[in-house]
Amino acid sequence: MDDNGRIARFLMNVMLVSGGYSWTVIPVEKRNEYMSALEKASVEQNIIDFVQLIAGLADSNNRCFSVLLGYLFITPFLNSTTW
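All values reported here derive from a predicted model rather than from experimental measurement.

A contiguous nonpolar patch, built from I7, F10, L11, V14, V17, W23 and V25 and spanning about 650 Å² of accessible area, is present on the exposed surface. Its location among the elements puts V17 in helix α1 (residues 3-18). Of the residues examined, V17 reaches a relative accessible area of 41% and is grouped as partly exposed.

Although it is not a glycine, Q45 sits at a positive phi angle of roughly 60°. With respect to the helices and strands, Q45 occurs in the loop between α2 (31-44) and α3 (48-78).

This next bit is on the confidence of the model for the protein. On average, the protein scores 78 in pLDDT, and the residues at 70 or more come to 70%. Averaged over each element, pLDDT in the protein is lowest for α3 (68) and highest for α2 (94).

Inspection of the secondary structure puts G56 in helix α3. In sequence terms G56 and T24 are 32 residues apart; their C-alpha atoms lie 10.0 Å from each other.

About the thresholds
- Residues numbered from 1 in each chain as written.
- Predicted model: local features only at pLDDT ≥ 70, side-chain atom pairs only at ≥ 80, totals over all residues.
- Heavy atoms only, no water.
- Patch = residues over 30% accessible without salt bridge, like charges linked within 9 Å, V, L, I, M, F, W, Y side chains within 5 Å.
- Areas by Shrake-Rupley, 256 points an atom, 1.4 Å probe, with all protein chains shown as cover.
- Salt bridge = Lys/Arg side-chain N within 4 Å of Asp/Glu carboxyl O.
- Helix = DSSP H or I, 4+ residues; strand = E, 2+ residues; numbered from the N terminus.
- Buried < 20%, exposed > 50% of the residue type's maximum accessible area, 1.4 Å probe, protein only.
- pLDDT = per-residue confidence, 0-100.

See the structure below:
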């Protein structure tokens, strides 16, 4: 039943990744906000809430990804005896 939504989210993520962002998942806690933003974009032709939601999620994911990468790649050097 949700095939169109899945395909749309997949294509959205393809575009985000091609722009240098990490894969973005809509958390269950944000589902109502997401659906409301989609409805507003569809009915009122107002995409501001949708863009703000996705941009916030993408930014949050990128910050988490950056911290993880920093931890994975820098920590081994900090623990090295060659310093």
